[in-house]
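# Examination of the molecular architecture
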Amino acid sequence: MVSATSVKEALNSSAPRDEIAVQGWVRTRRDSKTFSFIELNDGSSLRSLQVIAQNSLPNYSDVQRLQTGASVRVVGKLVASQGKGQQWEVAADEVQIIGASDETYPLQKKGHTPEFLREIAHLRPRSNLFGAVFRVRSRLAYAIHTFFQERGFVYVHTPIITGSDCEGAGELFRVTAIDPTNPPRRADGSIDYAKDFFARCTYLTVSGQLEAEAFACALSKVYTFGPTFRAENSNTSRHANEFWMIEPEIAFCDLNCDMDLAEETVKHLIRDVREHCDEDLQLFAKFVDKELLARLDFVIERPFHRITYTDAVELLGKSGENFEFPVGYGLNLQSEHERWLTEKHFKAPVTVFNYPKEIKPFYMRLNDDGETVTAMDVLVPGIGEIVGGSQREERLDVLEQNMRRHKMDPADYKWYLDLRRYGSVPHSGFGLGFERLLMFVTGVPNIRDVIPFARTPGSAEF
RNA sequence: UCCAGCGUAGCUCAGUGGUAGAGCGAUCGGCUGUUAACCGAUUGGUCGUAGGUUCGAAUCCUACCGCUGGAGCCA
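Just so it is clear, the structure is predicted and the values come from calculations on it, not from any experiment.

What counts and how
- Residues numbered from 1 in each chain as written.
- Chains lettered and ligands numbered in written order.
- Predicted model: local features only at pLDDT ≥ 70, side-chain atom pairs only at ≥ 80, totals over all residues.
- Heavy atoms only, no water.
- Pairing = 2+ DSSP bridges.
- Helix = DSSP H or I, 4+ residues; strand = E, 2+ residues; numbered from the N terminus.
- Axes fitted to C-alpha atoms, helices over the stretch in contact; angles between N-to-C directions.
- Phe/Tyr/Trp six-rings, centres within 6.5 Å; stacked < 30°, edge-to-face > 60°.
- Buried < 20%, exposed > 50% of the residue type's maximum accessible area, 1.4 Å probe, protein only.
- Patch = residues over 30% accessible without salt bridge, like charges linked within 9 Å, V, L, I, M, F, W, Y side chains within 5 Å.
- Areas by Shrake-Rupley, 256 points an atom, 1.4 Å probe, with all protein chains shown as cover.
- Salt bridge = Lys/Arg side-chain N within 4 Å of Asp/Glu carboxyl O.
- Lys, Arg positive; Asp, Glu negative; His and termini not counted.
- Charge placed at Lys NZ, Arg CZ, Asp CG, Glu CD.
- Contact = heavy atoms within 4.5 Å.

Turning next to the sheet that holds strand β1 (residues 17–31). One closed barrel holds the 5 strands; their spatial order is β1-β2-β3-β5-β4, and the pairing between them is mixed. Taken over all neighbouring pairs, the strand axes of this sheet differ in orientation by 55° on average, direction set aside. Relative to strand β5 (residues 88–99), strand β4 (residues 71–80) runs antiparallel, the two being bridged by 10 bridges. When the bridges of β5 are listed, Val 74 appears paired with Val 95.

Remark: the centre distance and the inter-plane angle together describe each pair of aromatic rings, the angle taken between the planes. For the coordinates displayed, the defined rule picks out 17 aromatic pairs. When the centroid spacing of 5.1 Å and the interplanar angle of 80° are considered together, the rings of Phe 35 and Phe 37 count as edge-to-face. When the centroid spacing of 5.0 Å and the interplanar angle of 70° are considered together, the rings of Phe 197 and Phe 198 count as edge-to-face. Taking the relative accessible area as the measure of exposure, Phe 197 reaches 64% and is therefore exposed. Pairwise contacts between aromatic rings join Phe 147, Phe 148, Phe 153, Tyr 155 and Tyr 223 into one cluster.

Turning our attention to a negative patch on the surface. On the surface, Glu 358, Asp 368, Asp 369 and Glu 371 cluster together into a negatively charged patch. Mapped onto the secondary structure, Asp 368 falls in the loop between β13 (350–356) and β14 (372–380). Classification of Asp 368 as exposed rests on a relative accessible area of 76%.

Residue placement: His 268 occurs in helix α6 (residues 255–276). On the basis of relative accessibility, which here comes to 18%, the residue His 268 falls in the buried class. Not counting the four nearest positions on each side in its chain, His 268 is found in contact with Ala 143, Phe 147 and Arg 151.

In C-alpha cells, the structure reads:
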C-alpha cells in the first residue's frame, strides 16, 4: 500500500508524481461528462486537492453517489491541472470509499454563520474557517513554548486542583468526592470537608501564579501554560469558564522588566503566526476582518504605549467624550474607557500601570507613594485586556499588611509567605489569555469560536 | 447576573390578526475541465416551549428556555 501524502504536501509539490495516495474528506463533488471532480480536504491545509475520477473506474457509480462529508482514499497520479485555479490535481486510478455520508450532513457548500457551526462543534473543524482557527491555535501554542524555552524559561506544571480559594480572582468550581445525597456532617450540620477526598476544600485552579512564584524563586525564570477555570456567570464574547492562560514569573525582575517581557511576548507570538500561518490569516482577512493584517503588522512594528493609571484617568477626563460611566481616580477603568484609549486615542496596544491599591489584589507590590501598586494591564484594540500582571510584593511585613487589608488571614498562606521569609527577591509576572490572543490574531470576535469545545454558562455539550 | 434585540423549511431570512413564503441546500434529470458551476423539475414546516386573549394567533399578552449585542467580573 502506498503511504499517504498530505493534501498540503501534494499541493506544494514541485514536480508531477507517478504514484500518490491521498486521503481525507469530500468537500464537494461535481460531475462532468466522462468524469467527476472531487475536492478533497484533510485539514493539513486550507486548500483542497482536486481529484479527477474517470467513469472508467470500476466503482464509478458509487463515486457519483459520494456526498459532502464522506471520507475517501485516492491512489493515482499527481499531474498538472488542465483547469484554472490550481496547479496540481490527482488523476485517480482508484477511489476507495472509506466512510459514506448522506444528505443530512449539515455542512453545506455555501457559507454558514459561526453561530450555527457552534451548534455542531464536532463537525465545524471540517469548515474552512474553523480548520484555520484551530491550525493557528496549534501554531500559537507551539510558539509560546519556543519563545520561552529559547529564553531559558522553565515550563512548570502548576496544579489544576488547588486548595487556594483566595486570590480574589472570581468564583471557583468546587472539586469534591463527597456523595451529594449523603454528605458527612459536622455537629452543627454543615458539610465536613475534612472528610472529603483531600481532607480539605479543593477547587479547580483560577491561576497558577502563586505556585509559579515558588518555582520562580528557585529556577529564576518559569512559565506555566495550561487550563484555568472560573465559575463566573459571565455571558460575553470574551469570557469562557474554561480557558488557557500563559503565566510567566521571573525572579529579580521589576515592573519595567515585566512590561518589557509582556510586550516582547505579544509581539513575538503575533510575528510567529504572521510568518507561519499566512494562508489561514488571509482567510480571516477576507471573511472575518478586513483590517486584520494591517493591525497585526502595526502591533509588531510599533512600541506599545505606556501610561500610568493616573495619567490615563487625566487623559480620559480631558477627552471630551461623553462616557456612560464616570472617570475618576480610584474607579476601575470601564470597557468603554479602555476602548477609547487603545482604539481611538493611541490606536495601538496600551500598557496601563501603577493602579490604586484599592482596586487591585493583595499580592501586588506597594509603590513608594503608599497609594499605588505595581499593576500593569496590556490593552489591545477590539479585545480589551489581554495581559494582566504586576511586580509581586516581596516584603514580608508589607505583604501581611496587604492580606489583612483584603480581609485575608496570613496564617492560611504560610507557604506563600515562606517565599518572603527565605531569600525573598523582587519578582514579577503576568497572565496572558491564550484565547484572547488567538481572537486578536485571527480577528474572530467570539471566544467560543477559538476554543474546540467551549464551556460557557449553561453550555457544556460535547 | 443586568439591559436590549432575536427565535418561521437543513441554512440565511421575509411574513405584524384572516389559506405558511423566497433564496440557497438536498433529491432527480439535462449540460459542462468544473471549482460557492449552469439550466429545469421535485422536496421541504410542532412558526423555540407552555399557558392566555380572540370567531380566528407565526403575528397580541405572560412565563420559561436558547441565541446575539452591550454591561459587570476578568484572561
